[in-house]
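# Breakdown of the fold
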Amino acid sequence: MNFELLKELSEATGVPGNEDNIRKIVARELKGIGELSVDLMGNVICRVKGKGKNPKKLMIAAHMDEIGFMVKYIDDKGFARVNPLGGWDPRMMAAQRVKVHTESGPVPGLLMPGTKPKHMLSPAEIGKAADVNDYFIDMGMDGETAKKKVQLGDSVTMDRDCQRMGNLITGKAMDDRACVFIMIEAMKAMKSNDVEVIGVATVQEEIGLRGATSFASGEAVDMVVALDVTLSNEIPGIPAEFQVTQMGKGAAIKIMDSSLICHPKMVDHFKKVAKKNKIAHQMEVLPAGGTDAGGVQKQHGGIPAFTLSTPCRYIHTVNETVHQDDVQACIDLLARYIEDAHKGDYTYSL
Ligand SMILES: [Zn+2]
């Protein structure tokens, strides 16, 4: 597996609406595969013409954006206040290093809750959860300097490198850069495509599936496969019924989440392709959370939609962690599905 590329994608920055940095890397990688374009939302689109007769259009969606923050206020002492972009759990935000992306480049900062140090807390205050709005960023600047350097609307991302840890790979933004990686690698690995493949590295997924939905409202595709991470909670303290998927047990074939009931015939098709090619896979029912497929499904009178998931521990924290075998299984399964996609009949009959 090309770990160096996955690491580069994970460490690149791009909050919803400000995906410039990650977009450059994705475009560089997709360039050699098909015809490349970027739309007015910022989605990067890579088209590979279908070799079959009257080729169907298969959209693949993996989102480039990561959860982060936007500067909304700078006080006279130079501390910045931020607005969250995407679903943060305030408990997971404490004491993190961040990058504040200013016009003149990124500056380092510390994301801290406005609370007394441990030594000074009363028994009643200990264990009280912080709210997103309790947080500020210390950039080591006085008020005047900070106000000159940092503008309202500047984006803020977590600062965390990507590393191997046993068979696992851990870093920030595996949601959804692991799947951007899977899309790139599968489009490189596919041996044939009778369908037209439209790989879309989407924007603004984390704030409501906006990039994928807008793209699909303009282009009538015949089916969509979204790629996203899913919960893998087999960790201490979580009962088995809440574990959703298991690390290292293969690509997760989604049946449903809160945005989507995957098209049953696409679910069957993916299962068949996985079995035929002996690719490790598991089934997934996710009670909460959504993917780009949920937005695309509702366009143009309804589009057969499916999500191929990668099991991930600690989602929406700086320690998003995937298993290398699951990533590889997703690459293999997506590549084999693309080769077989023209055989899919997702119509209903009466
Ligand atoms: Zn995601």
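Source: prediction; values computed, not measured.

### Brief notes about the overall build of the protein chain
- The number of helices and strands found in the protein chain is eight helices and 18 strands.
- Computed over the C-alpha atoms, the radius of gyration of the protein chain is 21 Å, within 12% of the 20 Å expected from 2.2 N^0.38 for a compact globule of 350 residues.
- Looking at the protein chain as a whole, 54% of its 350 residues are labelled buried.
- Considering only contacts within the protein chain whose residues lie at least 6 apart along the sequence, 77% involve residues at least 24 apart.
- Carbon and sulfur atoms make up 53% of the accessible area of the protein chain, which amounts to about 15,700 Å² in all.
- The protein chain carries 42 positive and 46 negative side-chain charges, and their two centres are separated by 3 Å.

### Section: a nonpolar patch on the surface
- Together, Ile255, Met283 and Val285 make up a nonpolar patch on the protein surface, roughly 220 Å² of accessible area in all.
- Residue position: methionine 283 is located in strand 16 (residues 281–285).

### Remarks on the packing of helix 2 (residues 20–30) against helix 4 (residues 174–189)
- Across the interface, helix 2 lies against helix 4 with an axial gap of 10 Å and an inter-helix angle of 15°. Relative to helix 4, helix 2 is oriented roughly parallel. Note on packing geometry: the crossing formed by helix 2 with helix 4 is right-handed. Residues Ile22, Val26, Glu29 and Leu30 of helix 2 touch helix 4, and the partners they reach there are Arg177, Val180, Ile184, Met187 and Lys188.
- Of the residues belonging to the contact of helix 2 with helix 4, the class tally is six nonpolar, no polar and three charged.

### Some points on the coordination of the zinc ion
- Taken together, His63 (NE2), Asp175 (OD), Asp228 (OD) and Asp228 (OD) make up the protein donors of the zinc ion, found 1.9 to 2.7 Å from the metal.
- Around the zinc ion sit four donor atoms, and with donor-metal-donor angles ranging over 50 to 149° the site reads as irregular.

### Details of unusual backbone geometry
- The linkage connecting aspartate 175 with the following residue, aspartate 176, adopts the cis geometry, with an omega of 20°.
- Note on placement: aspartate 176 falls in helix 4.
- You will see that asparagine 54, though not glycine, has its phi angle at about 40°, which is positive.
- Within the secondary structure, asparagine 54 is located in the loop between strand 2 (44–48) and strand 3 (57–63).
- What makes asparagine 54 exposed here is its relative accessible area of 71%.

### Remarks on the nonpolar core
- In this structure, Met59, Val225, Leu227 and Leu308 are the most contacted members of the largest nonpolar core, which totals 78 residues.
- For this core, the element with the most residues is helix 4, which contributes 10 residues.
- With residues up to four places along the chain from it excluded, the contact list for leucine 308 reads Val225, Ala226, Leu227, Asp228, Ala251, Ala252, Phe270, Cys330, Leu333 and Leu334.
- Of all hydrophobic cores here, the second largest spans 22 residues; its members include Phe69, Ile74, Val107 and Leu111.

### Topic: the pairing of strand 9 (residues 155–158)
- Where burial is concerned, the two faces of strand 9 agree: the one with Ser155 and Thr157 and the one with Val156 and Met158 are both buried.
- Direction of pairing for strand 4 (residues 68–74) relative to strand 9: antiparallel, over a ladder of two bridges. Paired with phenylalanine 69 across the bridge in strand 9 is valine 156.
- The sheet contact formed by strand 6 (residues 96–102) and strand 9 spans four bridges and is antiparallel. Bridging from a neighbouring strand, lysine 99 pairs with threonine 157 of strand 9.

### Looking at the packing of aromatic side chains
- Evaluation of the coordinates by the stated rule reveals four aromatic pairs.
- Summarising the aromatic geometry, the rings of phenylalanine 69 and tryptophan 88 are spaced 4.9 Å apart at their centres and angled 10° between planes, so their arrangement reads as stacked. Residue phenylalanine 69 is found in strand 4, and its partner tryptophan 88 is found in the loop between strand 5 (80–85) and strand 6; the two are separated by 19 residues along the sequence. Comparing phenylalanine 69 with tryptophan 88 shows no difference in burial state: the two are buried.
- Connected via pairs of aromatic rings, a cluster forms that spans Phe270, Phe306 and Tyr337.

### Overview of the domain arrangement of the protein chain
- Segmentation of the protein chain into domains returns domain 1 (3–66 + 172–343) and domain 2 (69–158).
- A C-alpha centroid distance of 32 Å is found between domain 1 and domain 2.
- Summed over both partners, the interface of domain 1 with domain 2 comes to about 950 Å²; 66% of that surface belongs to carbon and sulfur atoms.
- The three residues of domain 1 that bury the most area against domain 2 are Val15, His316 and Val318, which together make up 45% of that side's buried surface.
- Across the contact surface, domain 1 and domain 2 share zero salt bridges.
- Linking domain 1 to domain 2 there are two residue pairs in polar contact (both at pLDDT 80 or more).

Parameters at a glance
- Residues numbered from 1 in each chain as written.
- Predicted model: local features only at pLDDT ≥ 70, side-chain atom pairs only at ≥ 80, totals over all residues.
- Heavy atoms only, no water.
- Helix = DSSP H or I, 4+ residues; strand = E, 2+ residues; numbered from the N terminus.
- Rg over C-alpha atoms; globule rule 2.2 N^0.38 Å.
- Buried < 20%, exposed > 50% of the residue type's maximum accessible area, 1.4 Å probe, protein only.
- Contact = heavy atoms within 4.5 Å.
- Areas by Shrake-Rupley, 256 points an atom, 1.4 Å probe, with all protein chains shown as cover.
- Lys, Arg positive; Asp, Glu negative; His and termini not counted.
- Charge placed at Lys NZ, Arg CZ, Asp CG, Glu CD.
- Patch = residues over 30% accessible without salt bridge, like charges linked within 9 Å, V, L, I, M, F, W, Y side chains within 5 Å.
- Salt bridge = Lys/Arg side-chain N within 4 Å of Asp/Glu carboxyl O.
- Axes fitted to C-alpha atoms, helices over the stretch in contact; angles between N-to-C directions.
- Parallel < 35°, antiparallel > 145°, perpendicular 65-115°, else oblique.
- Left-handed = near helix turned anticlockwise from the far one by under 90°.
- Nonpolar A, V, L, I, M, F, W, Y, C, P; charged D, E, K, R; others polar.
- Donors = N, O, S within 2.8 Å, 3.2 Å for Na, K, Ca; no water.
- Tetrahedral: all angles 85-135°; square planar, octahedral: opposite > 155°, others 65-115°.
- Core = buried A, V, L, I, M, F, W, Y, C linked by side-chain atoms within 4.5 Å.
- Pairing = 2+ DSSP bridges.
- Phe/Tyr/Trp six-rings, centres within 6.5 Å; stacked < 30°, edge-to-face > 60°.
- Domains from an automatic or database assignment.
- Buried area = accessible area lost by both parts, 1.4 Å probe.
- Polar contact = N/O pair within 3.5 Å; in protein donor to acceptor, adjacent residues only side chain to side chain.

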